[in-house]
Amino acid sequence: MRAVVPALLIHVSIGTVYCWSVFKQLIADQMHTAPSTIEWAFSLAIFFLGMSAAFLGPVVEKDIRRSALISLVCFVAGFAGTGASIATGWLPGVFICYGAIMGVGLGVGYLTPVKNLMLWFSDNKGLATGIAVAGFGLAKAIASPVMTWLISSVGLTNMFYVLAAVYAVMMFLGFLLIRRPAGYVYSAAARVRRRTVMRRPVFWAIWVAFYLNITCGLALISQEKDILHDALAAMPRFAGLDATAFATATAGFISMVLAVDAVFNAAGRLGFSTLSDHCRRRETSYVVIFVMSIAVCAMQVAFHSIDNATMWMILIMLFLVNAGYGGGFSTLPVLLEQHFGMASVSTVHGLALSAWAFAGLSGNQLASFVVSHASDSAHRYAALMPILAVLYTVALVAILLVMRDRDEHSGQRTQRGFLPKH
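Starting from 1, residues in each chain are numbered consecutively following that chain's sequence as written. Only residues with pLDDT of at least 70 are given local features in this predicted model, and only at 80 or more are side-chain atom pairs given and counted; all residues enter the totals for whole chains, interfaces and linings. Only heavy atoms go into the side-chain values, all of them from the structure, while hydrogens and water stay out.

1. Some details on the overall build of the protein chain
1) Next: Helix numbers and strand numbers start at the N terminus; a helix is a DSSP run of H or I with at least 4 residues, a strand a run of E with at least 2. For the protein chain, the count of helices and strands is 17 helices and zero strands.
2) Next: Put simply, the radius of gyration uses C-alpha atoms, and a globule should come to 2.2 Å times the residue count raised to 0.38. Computed over its C-alpha atoms, the radius of gyration of the protein chain comes to 21 Å, within 12% of the 22 Å expected for a compact globule of 422 residues.
3) Next: Taking the principal axes of the C-alpha coordinates as reference, the protein chain spans close to 75 × 50 × 30 Å.
4) Next: Each residue's exposure class comes from its accessible area (1.4 Å probe, protein chains only) as a fraction of the maximum for that residue type: buried when under 20%, exposed when over 50%, partly exposed otherwise. The buried share of the protein chain, reckoned over its 422 residues, is 55%.
5) Next: In the form shown here, the protein chain has an accessible surface area of approximately 16,600 Å², with 68% of it arising from carbon and sulfur atoms.
6) Next: Here the positive residues are Lys and Arg and the negative ones are Asp and Glu; neither His nor the chain ends is included. Charge positions are represented by NZ for Lys, CZ for Arg, CG for Asp and CD for Glu. When the 28 positive and 18 negative side-chain charges of the protein chain are each reduced to one mean point, those points stand 15 Å apart. Computed with a 1.4 Å probe, the accessible areas rest on the Shrake-Rupley method; for each residue, only the protein chains presented here act as cover.

2. Focus on the nonpolar core
1) Next: Membership of the largest hydrophobic core comes to 130 residues, with the highest contact counts inside it found for Val17, Phe23 and Trp356.
2) Next: If one sorts the elements of this core by residue count, helix H14 (residues 311–340) sits on top with 15 residues.
3) Next: By definition, residues are in contact when any of their heavy atoms lie within 4.5 Å. Those residues in contact with Trp356 that lie beyond four places of it in its chain are Tyr18, Ile46, Leu49, Tyr110, Phe136, Phe210, Ile214, Tyr325 and Phe329. Take the buried residues of types Ala, Val, Leu, Ile, Met, Phe, Trp, Tyr and Cys, join any two whose side-chain atoms come within 4.5 Å, and each joined set is a nonpolar core.

3. Things to note about the packing of helix H2 (residues 20–30) against helix H3 (residues 35–62)
1) Next: Fitting a line to C-alpha atoms yields each axis, with helices limited to the stretch in contact; the angle taken between N-to-C directions then spans 0 to 180 degrees. It is the contact of H2 with H3, at a shortest axis distance of 9 Å, that shows an interaxial angle of 135 degrees. Comparing their axes, H3 and H2 come out oblique. Crossing of H2 over H3 shows right-handed handedness. Contacts from Trp20, Lys24, Gln25, Ile27 and Ala28 in H2 reach Pro35, Ile38, Glu39, Ala41 and Phe42 in H3.
2) Next: Looking at the contact of H2 with H3 residue by residue, the classes come out as seven nonpolar, one polar and two charged. To sort the angles, those under 35 degrees are grouped as roughly parallel, those over 145 as roughly antiparallel, those from 65 to 115 as roughly perpendicular, and the leftovers as oblique. Throughout, a crossing is termed right-handed when the near helix is turned clockwise from the far one, and left-handed when it is turned anticlockwise from it by less than a right angle. Each residue receives one of three labels: charged for Asp, Glu, Lys and Arg, nonpolar for Ala, Val, Leu, Ile, Met, Phe, Trp, Tyr, Cys and Pro, and polar for the others, Gly being one of them.

4. A short note on the packing of aromatic side chains
1) Next: Only rings of Phe, Tyr and Trp enter the pairing, Trp through its six-membered ring, and a pair is recorded when the two centres are within 6.5 Å. The plane angle decides the type: under 30 degrees is stacked, over 60 is edge-to-face, the rest tilted. In the structure shown here, the tally under the stated rule is 30 aromatic pairs.
2) Next: Summarising the aromatic geometry, the rings of Tyr18 and Phe42 are spaced 6.1 Å apart at their centres and angled 50 degrees between planes, so their arrangement reads as tilted. Placement of Tyr18 in the loop between helix H1 (4–14) and H2 and of Phe42 in helix H3 is noted, with a sequence separation of 24 residues between them.
3) Next: Classification of Tyr18 by relative accessible area gives buried; the value is 6%.
4) Next: By relative accessible area, which is 4% here, Phe42 ends up buried.

5. Some points on a nonpolar patch on the surface
1) Next: Residues enter patches when they are more than 30% accessible in relative terms and free of salt bridges; like-charged ones are connected within 9 Å and nonpolar ones (Val, Leu, Ile, Met, Phe, Trp, Tyr) within 5 Å. Throughout this description, the term salt bridge denotes a Lys or Arg side-chain nitrogen within 4 Å of a carboxyl oxygen of Asp or Glu. A cluster of nonpolar residues, Val169, Phe172, Leu173 and Leu176, forms a patch on the protein surface that exposes about 340 Å² of accessible area.
2) Next: Mapped onto the fold, Val169 is located in helix H7 (residues 156–177).

6. Some words on the environment of Ser330
1) Next: Examined against the element boundaries, Ser330 turns out to sit in helix H14.
2) Next: Non-local contacts of Ser330, meaning those with residues more than four positions away in its chain, are made with Thr129, Gly130, Val133, Gly268, Arg269 and Ser273.

7. Section: the confidence of the model for the protein chain
1) Next: Of all residues in the protein chain, 95% have pLDDT values of 70 or greater, and the mean over the chain is 89.
2) Next: Scored from 0 to 100, pLDDT reflects the predictor's confidence in each residue. A low-confidence stretch, residues 411–422 stays under pLDDT 50, and its non-local contacts, those more than four residues away or across chains, total eight contacts.

8. Examining the environment of His11
1) Next: For His11, the location among the structural elements is in helix H1.
2) Next: The class of His11 is buried, set by a relative accessible area of 0%.
3) Next: Here the alpha-carbon distance between His11 and Thr112, two residues 101 residues apart in the chain, equals 9.5 Å.
4) Next: Here His11 is in contact with Gly109, Tyr110, Pro113, Ala132, Val133, Gly135, Phe136 and Ala139, once residues within four sequence places are set aside.

9. Some details on helix H9 (residues 201–221)
1) Next: Over its 21 residues, H9 extends 30 Å from the first C-alpha to the last, a length consistent with the 30 Å expected when each residue adds 1.5 Å.
2) Next: Counting buried residues along H9, 17 of its 21 residues qualify, which places the element largely inside the surrounding structure. Under the convention used throughout, the expected extent of a helix is 1.5 Å for every residue step, that is, one less than its residue count.

10. Quick notes on the side chain of Asp261
1) Next: Note on placement: Asp261 falls in helix H12 (residues 243–277).
2) Next: This buried residue, Asp261, is left without a salt bridge; Lys140 holds the nearest opposite charge, at 5.0 Å.

11. Points about H1
1) Next: Most of H1 is tucked away: eight of the eleven residues are buried.
2) Next: When we look at burial in H1, the residues that qualify are Pro6, Ala7, Leu9, Ile10, His11, Val12, Ser13 and Ile14.
3) Next: As for H1, its buried residues are in contact with helix H4 (64–88), helix H5 (91–120), helix H6 (125–154) and H7.

12. Side note on the state of the cysteines
1) Next: The rule for a disulfide is simple: a pair of cysteine sulfur atoms within 2.5 Å. In total, this model carries zero disulfides according to the counting rule given.
2) Next: A disulfide-free cysteine, Cys297 has its sulfur positioned 7.0 Å from the sulfur of Cys216, the nearest such atom.

13. Focus on unusual backbone geometry
Outside of glycine, negative phi angles account for most residues, and trans bonds account for most peptide bonds.
1) Next: The residue His32 is not glycine, and still its phi comes out positive at about 55 degrees.
2) Next: Assignment of secondary structure puts His32 in the loop between H2 and H3.
3) Next: The exposed category is assigned to His32, whose relative accessible area is 73%.
4) Next: Although it is not a glycine, Ala309 adopts a positive phi angle of roughly 55 degrees.
5) Next: Relative to the elements of secondary structure, Ala309 occurs in the loop between helix H13 (283–303) and H14.
6) Next: A relative accessible area of 11% places Ala309 in the buried class.

In structure tokens form, the structure reads like this:
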């Protein structure tokens, strides 16, 4: 009650940041600006998420209730402020509210329940982190249809106001309920300093692998609605419809796929982190994620599934990449705990989440650049696939280097008369 419920209340609220594709085009249309310009609001939200986590990790480490309150105030104010900015036609306000203010709430709120659940479930830390962040991934499945219904019922700006009130109640309940386990005592002397962490090459290898997994995931997630739209338009049963009839005929299918994506994202968060509990090395989960992601991207290249509108192949790619994307987040804290210890998990985890900040800038923008500069607009989404396959390969190499570093350190400990810790 004091761990799982508040974790889900907080993460289901802030995880709605991934519903961006539901309303980004509507914001662009209402504010009479290009979608590529509006896209910066989402990129800034992820950037401020990562950077606030990097700098405020020690605050979460020291006072979990204060961090829950900071998250509540910033996230709700930013979400409601986005609606107000849209209503007044003030474009910078969207960037400030959705990007900066809400982004800080995302970063602090994301960190807040993670170590807490690891403390409550000390024998199953991977499962604990999976629970902690599963709500973040599942939020899209819950909120996307609700947002779509609210937009059609009360309008775009009122949707932001209504959900801001709902999330304020949910996050306030999370703030009231969240507690450290009995007997836990914060020790400033036991924590690892950020400067020490950043001097270790293994941290940067993990950082690179995590960064590339997010970059590739965001590149695909930011375009999935458009990929589905183009694939459906190429199918014979929809090819002859006018724009209005096509939108009506395909809206339900696209919404369903986006919801299933979110389920796979949440399942990946639980599944891959739990898998790490049963592996000799936590890194094994990342190896599985990257090999799987390389395979599904290579499949698109080999069979031209996007160009040929081979829907089952496209769906396999979307579902598995979403699962691996979510699994990368949930496995990260226990991997860092394995290398840096429990005392400073929030601090080290926050530092690692700076990778999310930079991926928030590069992921969407990479996809937008490739799509908009493709030599043939009919094949613009297919052009993204080989690039993602290469980046996933680099991530796989980085995590293999992490495993090698651990093997070398284990060998040194064995030579000194100590058994390696697994």
